[in-house]
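The lines below spell out each chain.
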Amino acid sequence: MTFKMAVPNKGRLHDRTIELLLKSGLDLGEDWGRRLYVTAKNQDIEILFVRAQDIPRFIAIGSVDLGITGQDQIADSGFVLKEVLELEFGHCRLSVAVPEQSNIRTVDDIKDGCRVATSFPNVTKRFFDSKGKNVEIVNVSGAAEIMPYIGVSDIIVDLVSSGATLKTNRLMEIETLVTSQAVMVTSEKAMEANSARIMDIVNSVKSVIDAENKKYLMADVPVSQLPEIDKLFPGLAGPTVMNISGRTDMVAIHVVVDSSTIFDSVNKLQKLGAKGILTLPIERLVP
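Residues numbered from 1 in each chain as written. Predicted model: local features only at pLDDT ≥ 70, side-chain atom pairs only at ≥ 80, totals over all residues. Heavy atoms only, no water.

Enquirer: Can you walk me through the overall build of the chain in this structure?
Expert: When its secondary structure is counted, the chain shows nine helices and 15 strands. Here the C-alpha atoms of the chain give a radius of gyration of 25 Å, more than 25% beyond the 19 Å that 2.2 N^0.38 yields for 287 residues. In terms of principal-axis extent, the alpha carbons of the chain reach across some 85 × 50 × 35 Å. In the chain, buried positions account for 44% of the 287 residues. For the chain, the share of sequence-separated contacts (at least 6 apart) that also reach a separation of at least 24 residues comes to 70%. Of the roughly 15500 Å² of accessible surface on the chain, 48% is carried by carbon and sulfur atoms. Between the centroid of the 32 positive side chains of the chain and the centroid of its 37 negative side chains there is a distance of 2 Å. (Helix = DSSP H or I, 4+ residues; strand = E, 2+ residues; numbered from the N terminus. Rg over C-alpha atoms; globule rule 2.2 N^0.38 Å. Buried < 20%, exposed > 50% of the residue type's maximum accessible area, 1.4 Å probe, protein only. Contact = heavy atoms within 4.5 Å. Areas by Shrake-Rupley, 256 points an atom, 1.4 Å probe, with all protein chains shown as cover. Lys, Arg positive; Asp, Glu negative; His and termini not counted. Charge placed at Lys NZ, Arg CZ, Asp CG, Glu CD.)

Enquirer: Could you clarify how one ought to interpret the nonpolar core in this entry?
Expert: For soluble globular proteins, the rule of thumb is that nonpolar side chains tend to be buried together. Core analysis: the biggest nonpolar cluster contains 30 residues, and Met5, Ile47, Leu87, Met184 and Val205 have the highest contact counts within it. Those elements that place two or more of their residues in this core are β1 (3–8), α1 (14–23), β3 (45–50), β4 (66–70), β5 (82–86), β11 (182–186) and α7 (188–212). Considering each element in turn, this core owes the most residues, eight residues, to α7. Not counting residues up to four positions away in its chain, the partners in contact with Met184 are Met5, Leu66, Gly67, Ile68, Lys82, Glu83, Val84, Leu85, Leu87, Ile201, Val202 and Val205. Formed by 18 residues, the second largest nonpolar core is a distinct cluster that contains Ile104, Val107, Cys114 and Phe128. (Core = buried A, V, L, I, M, F, W, Y, C linked by side-chain atoms within 4.5 Å.)

Enquirer: Mind showing me how you'd approach the sheet that holds strand β10 (residues 171–180) here?
Expert: One open sheet holds the five strands; their spatial order is β8-β7-β9-β6-β10, and the pairing between them is mixed. Unpaired on one side and paired on the other, β8 (136–139) and β10 mark the two borders of the sheet. Between one strand and the next, the sheet's axes are offset by a mean angle of 25°, whatever the strand orientation. As judged from the three bridges shared by strand β7 (residues 115–118) and strand β9 (residues 155–160), these two strands associate in the parallel manner. In the sheet register, Ala117 faces β9, and the bridge partner there is Ile156. Against the sheet, helix α4 (residues 121–130) engages β6 (92–99), β7, β8, β9 and β10, with an angle of about 105° to β10. (Pairing = 2+ DSSP bridges. Axes fitted to C-alpha atoms, helices over the stretch in contact; angles between N-to-C directions.)

Enquirer: Honestly, the packing of α1 against α7 in this entry has me stumped. Any pointers?
Expert: Between two packed helices, what matters for the description is the angle formed by their axes and the separation of those axes. One way to put it is that α1 packs onto α7 with a least axis distance of 8 Å and a crossing angle of 100°. Between α1 and α7, the interaxial angle falls into the category roughly perpendicular. Residues Arg16, Glu19, Leu20, Leu21 and Lys23 of α1 lie in contact with α7, whose contacting residues are Val205, Val208, Ile209 and Glu212. Looking at the contact of α1 with α7 residue by residue, the classes come out as five nonpolar, no polar and four charged. (Parallel < 35°, antiparallel > 145°, perpendicular 65-115°, else oblique. Nonpolar A, V, L, I, M, F, W, Y, C, P; charged D, E, K, R; others polar.)

Enquirer: What should I look at first to understand unusual backbone geometry in this one?
Expert: Excluding glycine, a negative phi dihedral is what most residues carry, and trans is how most peptide bonds are arranged. Here the phi dihedral of Glu88 falls at roughly 65°; this positive angle occurs in a residue that is not glycine. Tracing the sequence through the fold places Glu88 in the loop between β5 and β6. The phi torsion at Ala143 lies on the positive side, around 55°, for a residue other than glycine. Summarising the element assignment, Ala143 is placed in the loop between β8 and α5 (147–150).

Enquirer: Would you mind going over the pattern of salt bridges with me for this structure?
Expert: Note on pairing: side chains with opposite charge can pair once their charged atoms come close. Enumeration over the complete set of coordinates arrives at 15 salt bridges. Between Asp54 and Arg51 there is a salt bridge; the shortest N-O distance is 2.9 Å. Within this structure, Arg16, Glu19, Lys23 and Glu212 form a network of salt bridges that share partners. (Salt bridge = Lys/Arg side-chain N within 4 Å of Asp/Glu carboxyl O.)

Enquirer: What exactly am I supposed to notice about α1 here?
Expert: One full turn of an α-helix is made of 3.6 residues, so residues set three or four places apart face in the same direction. Taken residue by residue, α1 has His14, Arg16, Thr17, Ile18, Leu20 and Leu21 as its buried positions. In the core, the buried residues of α1 are packed alongside β1, β3, β4 and α7. Backbone geometry just after α1 places Gly25 at a positive phi near 110°.

Enquirer: Would you mind going over the pairing of β9 with me for this structure?
Expert: Within a regular strand, the side chains alternate between the two sheet faces. Burial analysis of β9 places five of its six residues in the buried class, which makes it a mostly covered element. Pairing geometry for β6 and β9, over five bridges, is antiparallel. Pairing of Arg93 across the sheet is with Val160, part of β9.

Structure (structure tokens):
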């Protein structure tokens with residue numbers, strides 16, 4: 001049977017998800033942006049473009065084998081799923097926020113009957129039930145921040161990233177329900193039936209993420225400085241050293257370094273007498 005993978009069709013997780021899939025080697029064709037699903041070229045993998053909030057359910061009922069969505073959506077769905085890879089983007093938190101002028105500073109200050117506007121009704125209800133609070137959940141599809149201002153709710157539970165939107169709307173966070181990022185997720189049943197295919201995709205995407213934080217560094221260095229090179233640039237398994245034709249005093253080194261250290265790495269090499277220093281981006285990194 002064709003392997004099915006669900007990804008967000010729009011929203012904050014969409015663009016980065018597509019970027020990761022394309023970089024990992026999945027060819028979606030030229031017109032994927034106008035279609036609801038595509039089959040990756042030369043792969044028996046069908047990519048479905050659906051709402052991020054629907055993906056946990058589709059995985060749980062077996063309609064798709066693998067998906068990319070946010071941990072916030074998984075938490076709200078209530079389904080027990082298997083996260084196979086954290087994707088290191090879409091970071092946010094689902095928080096309780098109250099009007100700054102209110103007297104509410106902790107969840108304990110919230111009175112029974114309080115109206116809570118949110119796009120995450122299930123996890124919100126479970127949270128307040130666990131706190132022994134009898135609140136009214138007002139389910140909204142977006143723009144929860146405006147609801148206290150127009151009198152639809154007293155407080156909100158919404159996603160927060162920087163907190164700037166809350167501040168603009170004179171709201172303040174008082175407690176976090178869920179911390180979230182984008183994840184690749186499957187079910188135990190799908191893992192049992194398609195573990196090899198799932199891990200192929202997981203490892204391919206992970207190799208892209210790992211590579212984005214690295215640079216490939218090449219240089220010609222004096223042989224006498226190799227002990228110092230070993231100390232400064234251990235790389236994945238130490239620098240690769242190659243002879244240079246016609247030279248006995250210099251060798252070529254290749255090493256993978258963190259992108260954040262590339263400035264210092266080049267300067268250190270120059271001080272060690274290195275020549276012909278070259279840095280290159282890495283598309284994928286498989287240890």
